[in-house]
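Chain residues, written in single-letter form:
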Amino acid sequence: MTDTAAVEILADVHRGVGRILLNRPRALNALTTDMVSAIDRALASWEHAPLSAVVLASTSTKAFCAGGDIRTIREHSLAGDVEASERFFASEYRLNARIAEYSVPVVSLIDGLCMGGGLGLSVHGGFRVVTERAVLAMPETGIGFFPDIGASYFLPRLPGAIGMHLGLTGQRIDAADALYTGLATHFVPADLLDTVGDALAGQPR
(Lines give C-alpha, C1' and ligand atoms only; values in the text may rest on other atoms or scores of the structure.)
Protein backbone atom coordinates (compact mmCIF):
# COMPACT_ATOMS: atom_id res chain seq x y z
CA MET A 1 0.00 0.00 0.00
CA THR A 2 1.29 3.44 -0.85
CA ASP A 3 1.41 6.19 1.79
CA THR A 4 -1.40 7.95 -0.07
CA ALA A 5 -3.65 4.88 -0.05
CA ALA A 6 -2.99 4.42 3.66
CA VAL A 7 -4.53 7.87 4.22
CA GLU A 8 -7.32 7.54 1.66
CA ILE A 9 -8.51 4.20 3.03
CA LEU A 10 -8.82 3.91 6.80
CA ALA A 11 -9.42 0.38 8.08
CA ASP A 12 -9.71 -1.05 11.57
CA VAL A 13 -11.74 -3.45 13.70
CA HIS A 14 -13.88 -2.12 16.54
CA ARG A 15 -15.88 -4.38 18.85
CA GLY A 16 -16.14 -7.13 16.26
CA VAL A 17 -16.97 -4.88 13.30
CA GLY A 18 -14.53 -4.29 10.47
CA ARG A 19 -14.63 -0.64 9.46
CA ILE A 20 -13.43 0.74 6.12
CA LEU A 21 -13.65 4.49 5.60
CA LEU A 22 -13.15 6.17 2.23
CA ASN A 23 -11.12 9.29 2.92
CA ARG A 24 -10.52 11.16 -0.31
CA PRO A 25 -13.11 13.93 0.09
CA ARG A 26 -11.67 16.42 -2.43
CA ALA A 27 -12.17 13.85 -5.19
CA LEU A 28 -15.53 12.68 -3.77
CA ASN A 29 -13.79 9.41 -2.88
CA ALA A 30 -13.17 8.55 -6.54
CA LEU A 31 -11.42 5.19 -6.50
CA THR A 32 -7.82 4.74 -7.57
CA THR A 33 -6.10 1.39 -8.09
CA ASP A 34 -4.27 1.81 -4.77
CA MET A 35 -7.54 2.52 -2.93
CA VAL A 36 -9.24 -0.53 -4.45
CA SER A 37 -6.25 -2.71 -3.56
CA ALA A 38 -6.21 -1.36 0.00
CA ILE A 39 -9.89 -2.23 0.51
CA ASP A 40 -9.34 -5.66 -0.99
CA ARG A 41 -6.39 -6.35 1.30
CA ALA A 42 -8.33 -5.27 4.38
CA LEU A 43 -11.19 -7.61 3.50
CA ALA A 44 -8.77 -10.46 2.77
CA SER A 45 -7.02 -9.98 6.11
CA TRP A 46 -10.36 -10.20 7.97
CA GLU A 47 -11.67 -13.20 6.05
CA HIS A 48 -11.28 -15.58 9.00
CA ALA A 49 -11.60 -13.05 11.83
CA PRO A 50 -14.59 -13.38 14.22
CA LEU A 51 -16.42 -10.34 12.85
CA SER A 52 -20.16 -9.71 13.02
CA ALA A 53 -20.09 -7.40 9.98
CA VAL A 54 -17.99 -5.10 7.82
CA VAL A 55 -19.08 -1.49 7.47
CA LEU A 56 -18.11 0.60 4.43
CA ALA A 57 -18.55 4.34 4.89
CA SER A 58 -17.12 7.75 4.02
CA THR A 59 -15.49 10.49 6.05
CA SER A 60 -17.36 13.02 3.87
CA THR A 61 -21.04 13.93 3.87
CA LYS A 62 -20.85 14.89 0.19
CA ALA A 63 -20.09 11.47 -1.20
CA PHE A 64 -19.92 7.82 -0.31
CA CYS A 65 -18.05 7.21 -3.57
CA ALA A 66 -18.46 9.01 -6.90
CA GLY A 67 -17.00 6.06 -8.83
CA GLY A 68 -13.65 5.28 -10.38
CA ASP A 69 -11.04 7.98 -10.88
CA ILE A 70 -11.85 8.48 -14.56
CA ARG A 71 -9.43 11.39 -14.90
CA THR A 72 -6.47 9.16 -14.03
CA ILE A 73 -7.74 6.38 -16.26
CA ARG A 74 -8.02 8.86 -19.13
CA GLU A 75 -4.46 10.03 -18.50
CA HIS A 76 -3.27 6.42 -18.67
CA SER A 77 -5.13 5.93 -21.96
CA LEU A 78 -3.71 9.09 -23.52
CA ALA A 79 -0.23 8.03 -22.44
CA GLY A 80 -0.73 4.61 -24.01
CA ASP A 81 -0.43 2.87 -20.65
CA VAL A 82 -3.05 0.23 -21.32
CA GLU A 83 -1.67 -2.00 -18.56
CA ALA A 84 -2.40 0.62 -15.88
CA SER A 85 -6.02 0.94 -17.00
CA GLU A 86 -6.47 -2.81 -17.16
CA ARG A 87 -4.95 -3.14 -13.69
CA PHE A 88 -7.52 -0.72 -12.27
CA PHE A 89 -10.54 -2.47 -13.75
CA ALA A 90 -9.25 -5.96 -12.92
CA SER A 91 -8.63 -4.90 -9.32
CA GLU A 92 -12.04 -3.22 -9.06
CA TYR A 93 -13.97 -6.18 -10.44
CA ARG A 94 -12.03 -8.58 -8.20
CA LEU A 95 -13.01 -6.46 -5.20
CA ASN A 96 -16.68 -6.45 -6.28
CA ALA A 97 -16.61 -10.25 -6.43
CA ARG A 98 -15.01 -10.50 -2.99
CA ILE A 99 -17.71 -8.27 -1.49
CA ALA A 100 -20.45 -10.37 -3.13
CA GLU A 101 -19.02 -13.59 -1.66
CA TYR A 102 -17.83 -12.24 1.69
CA SER A 103 -18.26 -14.46 4.73
CA VAL A 104 -19.98 -11.83 6.92
CA PRO A 105 -22.52 -9.12 6.01
CA VAL A 106 -21.09 -6.07 4.28
CA VAL A 107 -23.03 -2.94 5.26
CA SER A 108 -22.57 0.21 3.19
CA LEU A 109 -23.54 3.56 4.69
CA ILE A 110 -24.46 5.75 1.71
CA ASP A 111 -24.56 9.44 2.51
CA GLY A 112 -24.27 11.74 -0.51
CA LEU A 113 -23.18 10.64 -3.98
CA CYS A 114 -22.90 6.96 -4.84
CA MET A 115 -22.17 6.43 -8.52
CA GLY A 116 -20.58 3.83 -10.75
CA GLY A 117 -17.80 2.24 -8.74
CA GLY A 118 -19.53 3.42 -5.57
CA LEU A 119 -22.43 1.15 -6.44
CA GLY A 120 -19.87 -1.56 -7.10
CA LEU A 121 -18.70 -1.23 -3.50
CA SER A 122 -22.20 -1.21 -2.06
CA VAL A 123 -24.73 -3.10 -4.16
CA HIS A 124 -22.89 -6.44 -4.00
CA GLY A 125 -22.99 -6.40 -0.20
CA GLY A 126 -25.97 -7.57 1.79
CA PHE A 127 -27.08 -4.21 3.18
CA ARG A 128 -27.15 -0.69 1.69
CA VAL A 129 -28.21 2.01 4.13
CA VAL A 130 -29.12 5.37 2.59
CA THR A 131 -29.72 8.78 4.14
CA GLU A 132 -31.90 11.62 2.89
CA ARG A 133 -28.82 13.02 1.13
CA ALA A 134 -28.15 9.88 -0.93
CA VAL A 135 -27.94 10.20 -4.72
CA LEU A 136 -27.35 7.03 -6.75
CA ALA A 137 -26.56 6.62 -10.46
CA MET A 138 -24.78 4.61 -13.12
CA PRO A 139 -23.59 7.53 -15.30
CA GLU A 140 -21.12 5.63 -17.48
CA THR A 141 -22.99 6.16 -20.76
CA GLY A 142 -22.34 9.90 -20.40
CA ILE A 143 -18.64 9.27 -21.05
CA GLY A 144 -19.17 6.63 -23.73
CA PHE A 145 -18.65 3.69 -21.39
CA PHE A 146 -21.00 0.84 -20.48
CA PRO A 147 -22.46 0.28 -16.99
CA ASP A 148 -19.86 -2.04 -15.49
CA ILE A 149 -19.11 -3.27 -11.91
CA GLY A 150 -21.67 -6.09 -12.32
CA ALA A 151 -24.45 -3.77 -13.48
CA SER A 152 -25.48 -6.21 -16.20
CA TYR A 153 -26.45 -8.51 -13.30
CA PHE A 154 -28.20 -6.12 -10.90
CA LEU A 155 -29.82 -3.58 -13.24
CA PRO A 156 -32.06 -6.15 -15.05
CA ARG A 157 -33.26 -7.36 -11.65
CA LEU A 158 -34.73 -4.00 -10.69
CA PRO A 159 -38.54 -3.59 -10.98
CA GLY A 160 -39.96 -3.21 -14.47
CA ALA A 161 -37.63 -1.48 -16.93
CA ILE A 162 -36.08 0.82 -14.33
CA GLY A 163 -32.68 -0.87 -14.61
CA MET A 164 -32.59 -0.39 -18.37
CA HIS A 165 -33.60 3.24 -17.94
CA LEU A 166 -30.88 3.90 -15.35
CA GLY A 167 -28.26 2.15 -17.45
CA LEU A 168 -29.12 3.96 -20.68
CA THR A 169 -29.68 7.45 -19.29
CA GLY A 170 -27.39 7.65 -16.25
CA GLN A 171 -30.28 9.32 -14.40
CA ARG A 172 -29.78 10.03 -10.71
CA ILE A 173 -32.21 8.70 -8.11
CA ASP A 174 -32.80 9.70 -4.52
CA ALA A 175 -33.10 7.64 -1.34
CA ALA A 176 -36.81 6.86 -1.81
CA ASP A 177 -36.27 5.55 -5.34
CA ALA A 178 -33.22 3.60 -4.22
CA LEU A 179 -35.32 1.86 -1.57
CA TYR A 180 -38.12 1.18 -4.06
CA THR A 181 -35.79 -0.39 -6.60
CA GLY A 182 -33.80 -2.41 -4.06
CA LEU A 183 -30.53 -0.62 -4.71
CA ALA A 184 -30.87 0.38 -1.05
CA THR A 185 -32.17 -1.89 1.71
CA HIS A 186 -32.58 0.47 4.66
CA PHE A 187 -33.00 4.17 5.48
CA VAL A 188 -31.37 5.96 8.40
CA PRO A 189 -31.38 9.76 8.87
CA ALA A 190 -27.95 11.28 8.28
CA ASP A 191 -27.61 12.48 11.87
CA LEU A 192 -28.08 8.91 13.13
CA LEU A 193 -25.87 7.15 10.60
CA ASP A 194 -23.02 6.64 13.06
CA THR A 195 -25.31 4.58 15.29
CA VAL A 196 -25.45 1.78 12.71
CA GLY A 197 -21.90 0.65 13.43
CA ASP A 198 -22.56 0.89 17.16
CA ALA A 199 -25.66 -1.29 16.80
CA LEU A 200 -23.68 -3.95 14.94
CA ALA A 201 -20.78 -3.94 17.40
CA GLY A 202 -20.56 -6.84 19.77
CA GLN A 203 -23.20 -8.89 17.94
CA PRO A 204 -22.51 -12.63 17.52
CA ARG A 205 -21.28 -13.73 14.14
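Structure: see above.
Residues numbered from 1 in each chain as written. Predicted model: local features only at pLDDT ≥ 70, side-chain atom pairs only at ≥ 80, totals over all residues. Heavy atoms only, no water.

K.L.:
How would you explain the sheet that holds strand 4 (residues 63-65) if you had to name every residue and give the values?
P.N.:
Reading across from one edge, 4-6-8 is the order of the 3 strands in this open sheet, with parallel pairing throughout. For this open sheet the edge positions go to strand 4 and strand 8 (135-137), each flanked by a neighbour on one side alone. When strand polarity is set aside, the average angle formed by the axes of neighbouring strands in this sheet is 15°. Pairing of strand 6 (residues 113-115) with strand 8 involves 3 bridges; the strand directions are parallel. Looking across to strand 8, one finds that M115 is bridged to A137. (Pairing = 2+ DSSP bridges. Helix = DSSP H or I, 4+ residues; strand = E, 2+ residues; numbered from the N terminus. Axes fitted to C-alpha atoms, helices over the stretch in contact; angles between N-to-C directions.)

K.L.:
Let's hear about the packing of helix 3 (residues 70-78) against helix 4 (residues 82-100): which residues, and what values?
P.N.:
Relative to each other, helix 3 and helix 4 sit at 145°, their axes nearing to 8 Å. Taking contact as the criterion, the partners of I73, H76 and S77 in helix 3 are, on helix 4, A84, S85, F88 and F89. Here the contact of helix 3 with helix 4 is built from residues that sort into 4 nonpolar, 3 polar and no charged. (Contact = heavy atoms within 4.5 Å. Nonpolar A, V, L, I, M, F, W, Y, C, P; charged D, E, K, R; others polar.)

K.L.:
Tell me about the pairing of strand 3 (residues 53-58), and please be specific about residues and values.
P.N.:
Burial within strand 3 is extensive, with 6 of its 6 residues counted as buried. In strand 3, alternate side chains face the same way, and those of A53, V55 and A57 on one face and V54, L56 and S58 on the other are all buried. In the sheet, strand 2 (residues 17-22) pairs with strand 3 via 6 bridges, with the strands oriented parallel. Of the residues in strand 3, the one forming a bridge with I20 is L56. (Buried < 20%, exposed > 50% of the residue type's maximum accessible area, 1.4 Å probe, protein only.)

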